[in-house]
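So the chains spell out like this:
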Amino acid sequence: MFFKKVLRVISHHGSDNYFRIAKQIYVRYRRDGWEGILQRLEKKYNIVEPEHTITHTLQESSDTYHHWIEQHEADISATSPLEYSPLISIITPIFNTQEEYLIDMFKSVLAQSYSNWELCLADDASTQSKTLQIVKQYSQKYPNIKVSYRVYNGHISSASNSALSLATGEYVVFLDHDDTLSPDALYEMAKKINQEPNLKLIYSDEDKLNEASERYAVHFKSAWNPDMLLSQNYICHFLLLKREIVEKVGGFREGYEGSQDHDLILRSLAYIEDTEIGNIERVLYHWRAIKGSTARGGYEKAYAHEAGLLALKDYVEEKKGVTVEDGLLKNTYKVNYPLPEQPPLVSLIIPTRDGYEILRNCIESILERTSYPNYEIIVIDNGSRAHETIAYLKKLAKHPQIRVLEYDHPFNYSALNNFGVSHAKGELVALINNDIVVINKQWLSEMVSHALRKEIGAVGAKLYYPDNTIQHAGVILGIGGVAGHAHKYFSKAEPGYFSRLKIVQNVSAVTGAALVVEKRLYEEVGGLNEVELTVAFNDVDFCLKLLQKGYRNLWTPYAELYHHESKSRGSEDNAEKVKRFNKEVEYMKERWGESLINDHYYNSNLTLVHENFAIKES
């Protein structure tokens, strides 16, 4: 039986991983047996087996997470007095809830360390007498538990609105009838309101509960990430909103069941500024993943995906030419931004020195596999000496879309690109390494469509090593002291941490190996730093300067290219290069300070040692 489950997990995960996973199986079978193998594969690859015989996601080992819980949640009952204690209304629709889960929900609310709350329940015409008996028992005993008994079943949106009609709190939070709250959930929300009174929307980290009420699959979330929200509802639980906003938008909408929370958030954004959204990096919500729950990974409640698609289509309806389609995974979406009728010229800046074969592969892949109609290529020759390369550059110079410029100075990556941009005729510029090879034809169209958005700064692509493992999927600040590439060495087929390898999202920085930005923005922030950052981290520094100006950087998995990293430049393998690299590290730490270890789009509970989104070790 276990052998069959293992095969189903491998089959679902994709053929790219057959041999790698098979090797793991052979080694671990001798040590752990089939059950041990299954558990390890589940937790490593973040997949729920489609037939629901697997109840764990393939993410962190349970031992690792349980150790984290012991280290970080030992003193959650310790609270300090708050200057302001607003009434918080907990909104919970109920329908035929399993007895023990319903009781657990009530107990988690009653165990709150914060006392100024009301629990607003709406029973959606339950037919199980035990459900009604439990609700009646608790509501009679506790005066701050209110109940609306619906005479007909209207599904979750209608029931939630009935519960909302009972709310009198300044803020509302949402709790499913079979889920539970951390004892400090409401206190942490109130504390955040005291710290930042302007906040109108707050959310927290969350995890899941299996049928035995064991915690697993913790989701340590990005802070406010607008483009990620358009790709999937990463906010989910635990969500707090100002009640007046919920009332302005008319509460939940019928017809959006399964994604009613996503729809509510999207409509609420019309009344909320980016600066009025906050997150709490604590696990305040436990989402029960039982049969029939959306928490099971998207294999159940298929209608939820369609409802999410409908909600997003409504959200972009007034944005001219913007469309929404299914994403690369279930419960993910892709928002498409239109290109102008006359797409602007894009200048592709490619520095090079010799490396004929590498450069030829790069140029030919661009010319043969780029569907974007309006671009020029500017090759910056940094002192090539090889006859084959020189001959090829002369040939390129005759091409109507290509210019070759000489830059006869010592290698300085920043200066090379700044020189190229200064000669660019395009409205947009693309920094492209000479060891890049294009994979999908729409790569440049995808990147330009985002770069033209007024709120977006730099746009980065999904880059692979030649063996189809991830080279770049956005940059995480703080990795290794300065920055590292998210999901480095993950397989091309893997979804990544909560689907992050498969969705458009905002990131702090992207690599300059394939970066698109409006030329005016490049010049506005002074381009790449050619004084202190001649080789490394100039792209990270550039992106941070854009953030400082109020722009959002973005990474998209829909622009795919190979990157033969540093093949033409070599590695940091001698004393001089190491000294230069260390100097650049120190500059970045001095220039950007604490921001390097507080990545807005990462989470402080995740590691800064590796690029794999593992839980940070204590």
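Quick notes on the rules
Residues numbered from 1 in each chain as written. Predicted model: local features only at pLDDT ≥ 70, side-chain atom pairs only at ≥ 80, totals over all residues. Heavy atoms only, no water. Helix = DSSP H or I, 4+ residues; strand = E, 2+ residues; numbered from the N terminus. Buried < 20%, exposed > 50% of the residue type's maximum accessible area, 1.4 Å probe, protein only. Contact = heavy atoms within 4.5 Å. Areas by Shrake-Rupley, 256 points an atom, 1.4 Å probe, with all protein chains shown as cover. Core = buried A, V, L, I, M, F, W, Y, C linked by side-chain atoms within 4.5 Å. Pairing = 2+ DSSP bridges. Axes fitted to C-alpha atoms, helices over the stretch in contact; angles between N-to-C directions. Parallel < 35°, antiparallel > 145°, perpendicular 65-115°, else oblique. Nonpolar A, V, L, I, M, F, W, Y, C, P; charged D, E, K, R; others polar. Phe/Tyr/Trp six-rings, centres within 6.5 Å; stacked < 30°, edge-to-face > 60°. Polar contact = N/O pair within 3.5 Å; in protein donor to acceptor, adjacent residues only side chain to side chain. Lys, Arg positive; Asp, Glu negative; His and termini not counted. Salt bridge = Lys/Arg side-chain N within 4 Å of Asp/Glu carboxyl O. Expected span 1.5 Å × (residues − 1).

**Q** What's the story with the overall build of the protein chain in this structure? I'm lost.
**A** From N to C terminus, the protein chain includes 18 helices and 23 strands. Out of the 618 residues in the protein chain, the part that is buried amounts to 59%. Taking the intrachain contacts of the protein chain between residues at least 6 apart in sequence as the baseline, contacts between residues at least 24 apart amount to 77%. Summed over all atoms, the accessible surface of the protein chain reaches about 25900 Å², with 50% contributed by carbon and sulfur.

**Q** I keep staring at the nonpolar core and nothing clicks. Help me out?
**A** Considering soluble globular proteins, one finds that nonpolar side chains tend to be buried as a cluster. L515, V517, Y522, V540, F542, L546 and M588 are the most contacted members of the largest nonpolar core, which totals 45 residues. Of the residues forming this core, the biggest block, five residues, is contributed by helix 17 (residues 538-548). Not counting chain neighbours up to four residues away, the residues in contact with M588 comprise V482, L533, F537, V540, D541, L544, G593 and L596. Of all hydrophobic cores here, the second largest spans 39 residues; its members include A167, V249, L312 and V316.

**Q** Before we go on, may I ask you to explain the environment of E524 in this structure?
**A** Turning to its location among the elements, E524 is positioned in helix 16 (residues 519-524). Each C-alpha atom of the pair E524 and K549 lies 9.1 Å from the other, and the pair is 25 residues apart in sequence. Dropping the residues within four chain positions of it, E524 is found in contact with K549 and Y551.

**Q** What is the right way to look at the pairing of strand 17 (residues 456-464) in this model?
**A** Working note: regular strand, side chains alternate between the two faces of the sheet. The buried count for strand 17 comes to nine of nine residues, which makes it a mostly enclosed element. Inspection of the sheet shows strand 17 paired to strand 23 (residues 552-563) by six bridges, in the parallel sense. Note that in strand 23 the partner of I456 across the bridge is R552. As judged from the two bridges shared by strand 17 and strand 22 (residues 514-518), these two strands associate in the antiparallel manner. Within strand 22, the position partnered with G460 by the bridge is L515. Sheet topology places strand 17 next to strand 18 (residues 470-472); two bridges connect them, and they run antiparallel. Following the sheet pairing, L463 is matched in strand 18 by H472. Connecting strand 17 to the next strand, strand 18, in antiparallel fashion are five residues, including N468 with a positive phi near 65°.

**Q** I would appreciate a short explanation of the packing of helix 12 (residues 356-369) against helix 13 (residues 387-397) in the present structure.
**A** When two helices pack together, you describe them by how their axes are tilted relative to each other and by the distance separating the axes. For the pair helix 12 and helix 13, the least separation of the axes is 9 Å and the interaxial angle reads 25°. With respect to each other, helix 12 and helix 13 are oriented roughly parallel. Where helix 12 abuts helix 13, its residues Y356, L359, R360, I363 and E364 lie against E388, T389, Y392, L393 and L396. Along the lines of polarity and charge, the residues of the contact of helix 12 with helix 13 split into six nonpolar, one polar and three charged.

**Q** For this particular structure, what's the right way to read the packing of aromatic side chains?
**A** The relative placement of two aromatic rings is captured by the distance of their centres and the angle of their planes. Going through the model one piece at a time under the given rule, you end up with 16 aromatic pairs. Relative to Y138, the ring of F106 has its centre 4.3 Å away and its plane inclined at 5°; by these criteria the two rings are stacked. Of this pair, F106 sits in helix 4 (residues 99-110) while Y138 sits in helix 5 (residues 129-141); the two residues are 32 residues apart in sequence, bridging distant segments of the chain. Note on accessibility: F106 and Y138 belong to one class, buried.

**Q** Help me understand the side chain of E206, please; the structure alone is not making it clear to me.
**A** Here E206 shows up in strand 6 (residues 201-209). Within the structure, the side chain of E206 is placed 2.7 Å from the side chain of K221, a separation counted as a polar contact. There is a polar contact of 3.1 Å between the side chain of E206 and the backbone nitrogen of H237. Ignoring sequence-local partners within four residues, the contact set of E206 consists of A217, V218, H219, K221, I235, C236, H237, V283, Y285 and W287.

**Q** For this particular structure, what's the right way to read helix 6 (residues 155-164)?
**A** One turn of the α-helix equals 3.6 residues, which is why residues spaced by three or four share an orientation. Burial analysis of helix 6 places seven of its 10 residues in the buried class, which makes it a mostly covered element. For helix 6, the full list of buried residues reads S157, S158, A159, S160, S162, A163 and L164.

**Q** Would you take a moment to explain the pairing of strand 7 (residues 215-219) for this structure?
**A** Judged by how many residues are buried, strand 7 sits mostly within the fold: five of five residues are covered. Summarising the sheet, strand 6 and strand 7 pair through three bridges and their orientation is antiparallel. Each residue of the ladder has a partner; that of E206, found in strand 7, is H219. Between strand 6 and the antiparallel strand that follows it, strand 7, lie five residues; S213 among them carries a positive phi value of about 65°.

**Q** Would you mind showing me how to read the side chain of D381 here?
**A** With respect to the secondary-structure elements, D381 resides in strand 13 (residues 375-381). Here D381 occupies a buried position and makes no salt bridge, while the nearest side chain of opposite charge, R385, is found at 6.2 Å. Excluding residues that lie within four positions of it along the chain, D381 makes contacts with T352, R353, L393, V404, L405, E406 and Y407.

**Q** Is there a simple way to explain unusual backbone geometry in this structure?
**A** Peptide bonds are mostly trans, and most non-glycine residues show a negative phi. Of the consecutive residues H237 and F238, the connecting peptide bond is found in the cis state with omega at 0°. With a phi close to 65°, N331 is a non-glycine residue in the positive phi region. Phi is positive for F613, close to 60°, though the residue is something other than glycine. Within the secondary structure, F613 sits in the segment after helix 18 (575-592).

**Q** Got a minute to help me understand helix 11 (residues 302-315) in this structure?
**A** With 14 residues, helix 11 extends 21 Å from end C-alpha to end C-alpha; this agrees with the ideal 20 Å at 1.5 Å per step. Along helix 11, the residues classified as buried are A304, H305, A307, G308, L309, A311 and L312. Contacts made by the buried residues of helix 11 are with helix 8 (226-231), helix 10 (260-268), strand 10 (323-326) and strand 11 (333-336).

Coordinates in, geometry out; function isn't part of it.
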